[in-house]
Every structure is written in C-alpha cells, then in structure tokens.
Amino acid sequence: MPKYMIPRNPLVKLAVEKINAYLELNGITYTKAALDTGISQPQVSKILSGFTKKPSNDLYKLCEYAGITYKPKLLEAHTDPRIIKAINKVWDGRDETIELIVRMIECTAHVNSAKVAK
C-alpha cells in the first residue's frame, strides 16, 4: 500500500489511519477493498492516500468495511479544548493518575446509559 498524505480534517485523518491499519493487518489491498465495497479502486486509493478533505459516503462505507464506527462527535473529543483543559488540570503525568482518569471517564458511560434508559 502506498504511503498516504495526511488529510487536513483530523476526523478524516483518524478514519484513514484506522482503515489503512485494518487493511494492512488483514493483508487487504485497495483493489480488494474496492471490490468488496463497490467503490471504484481509484476512489479507494484517493481516499486512503489522504487526497480527501472531508467525510464522504465512500469514506463511511470504508469505515463500515473495516469495522470502524465513525462518530464525528466521539472522534472530536480528543481535540475539544474543554477536555484537554480538564485533563491537564488533574493529570500529574503519572501512569497511575491517567488510569484513574480513564476509569472516571468510563464510569460516565453507566450514568449516560441510565439516562437513555429512562
């Protein structure tokens, strides 16, 4: 697989990186991915080489093919300044502290699912 450019959109970049990793891990060529998804091989190559600037239906198809859930809001979380500020405020750089932060974030999933269940 060719080396690819880095898309300008960080969400597209992340999706492209994950799809390329999936293809490489499973020995899948762009040609096979194109055949399996019904997307033309040149379009698959264009998307996965980083020549796309924004999400497209074909990118979503490739995400689905690679088993990647494309949730723009979730993918944006790592760049949200509020999240970065909160982590910087409480994280002292130790591995133990990051483990606690991760557990606290994971605990909010239970709270969110309880709200949805109501």
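Here the structure is a predicted model, which is why all the values come from computation and not from measurement.

Definitions and cut-offs
Throughout, a residue's number is its position along its own chain's written sequence, starting from 1. Only residues with pLDDT of at least 70 are given local features in this predicted model, and only at 80 or more are side-chain atom pairs given and counted; all residues enter the totals for whole chains, interfaces and linings. Processing note: side-chain calculations cover all non-hydrogen atoms of the structure and skip hydrogens and water entirely. The numbering of helices and of strands both runs from the N terminus, where a helix is a DSSP run of H or I of at least 4 residues and a strand a run of E of at least 2. Three labels apply to residues, based on accessible area from a 1.4 Å probe with only protein chains included: buried if under 20% of the type maximum, exposed if over 50%, partly exposed otherwise in between. Residues are treated as being in contact if the distance between any of their heavy atoms lies within 4.5 Å. The directions considered for the arc are those from the helix axis to the C-beta atoms. Between rings of Phe, Tyr and Trp, where Trp is taken as its six-membered ring, a pair exists when centres lie within 6.5 Å; planes separated by under 30 degrees are stacked, by over 60 edge-to-face, and by other angles tilted. One number per residue, pLDDT, summarises how confident the predictor is, and it ranges from 0 to 100. The axes are straight lines fitted to the C-alpha atoms, using for helices just the contacting stretch, and the angles between their N-to-C directions are given from 0 to 180°. Roughly parallel means an angle under 35 degrees; roughly antiparallel, over 145; roughly perpendicular, 65 to 115; everything else is oblique. Note on residue classes: Ala, Val, Leu, Ile, Met, Phe, Trp, Tyr, Cys and Pro are nonpolar, Asp, Glu, Lys and Arg are charged, and everything else, Gly too, is polar. For salt bridges, the criterion is a side-chain nitrogen of Lys or Arg within 4 Å of an Asp or Glu carboxyl oxygen.

Draft legend 1. Geometry of the overall build of the protein chain. Broken down by element type, the protein chain carries 7 helices and 0 strands. Mapped in sequence order, the helices and strands of the protein chain form the string α-α-α-α-α-α-α. Per-residue burial over the protein chain gives 26% buried out of 118 residues. Restricting to contacts in the protein chain with at least 6 residues of sequence separation, those with at least 24 account for 55%.

Draft legend 2. Region of interest: helix H2 (residues 30–37). Along H2, the positions that sit buried rather than exposed are Tyr30, Ala33, Ala34 and Thr37. One face of H2 carries all of its buried residues, which in axial projection span an arc of 100°. Elements that come into contact with the buried residues of H2 comprise helix H1 (10–25), helix H3 (41–48) and helix H4 (57–65). Positioned one or two residues after H2, Gly38 has a phi angle of 80°, which is positive.

Draft legend 3. Molecular detail of the packing of aromatic side chains. Evaluation of the coordinates by the stated rule reveals 1 aromatic pair. When the centroid spacing of 6.2 Å and the interplanar angle of 80° are considered together, the rings of Tyr22 and Tyr65 count as edge-to-face. Pair noted here: Tyr22 is in helix H1 and Tyr65 is in helix H4, with a separation of 43 residues, a long-range link. Assessed through its relative accessible area of 26%, Tyr22 is described here as partly exposed.

Draft legend 4. Focus on the confidence of the model for the protein chain. Summary statistics for the protein chain give a mean pLDDT of 82 and a share of 78% for residues scoring 70 or more. Per-element confidence in the protein chain is highest for H2, whose mean pLDDT is 97, and lowest for helix H5 (residues 72–76), whose mean pLDDT is 60.

Draft legend 5. A look at the packing of H2 against H4. Direction vectors running N to C along H2 and H4 enclose 100°, while the axes themselves pass 11 Å from each other. Taken together, the axis directions place H2 and H4 in an arrangement best described as roughly perpendicular. Here H2 contributes Lys32, Ala33, Asp36 and Thr37 to the contact with H4, which in turn contributes Lys61, Leu62 and Tyr65. Each residue belonging to the contact of H2 with H4 can be placed in one class, and the counts come to 3 nonpolar, 1 polar and 3 charged.

Draft legend 6. Structural detail: the side chain of Thr97. Inspection of the secondary structure puts Thr97 in helix H7 (residues 95–117). In contact with Thr97, not counting residues within four places along its chain, are Val90, Trp91 and Asp92.

Draft legend 7. Structural context of the pattern of salt bridges. In this structure the tally under the stated criterion is 4 salt bridges. Here Glu17 ties to Lys13 by a salt bridge, and the two come within 3.6 Å at their closest N and O atoms. Residue Glu17 and its partner Lys13 are both found in helix H1; the two are separated by 4 residues, about one turn of the helix. Given a relative accessible area of 31%, Glu17 falls into the partly exposed group. A salt bridge links Asp92 to Arg94, with the nearest nitrogen and oxygen atoms 2.8 Å apart. The class for Arg94 is partly exposed, based on a relative accessible area of 46%.

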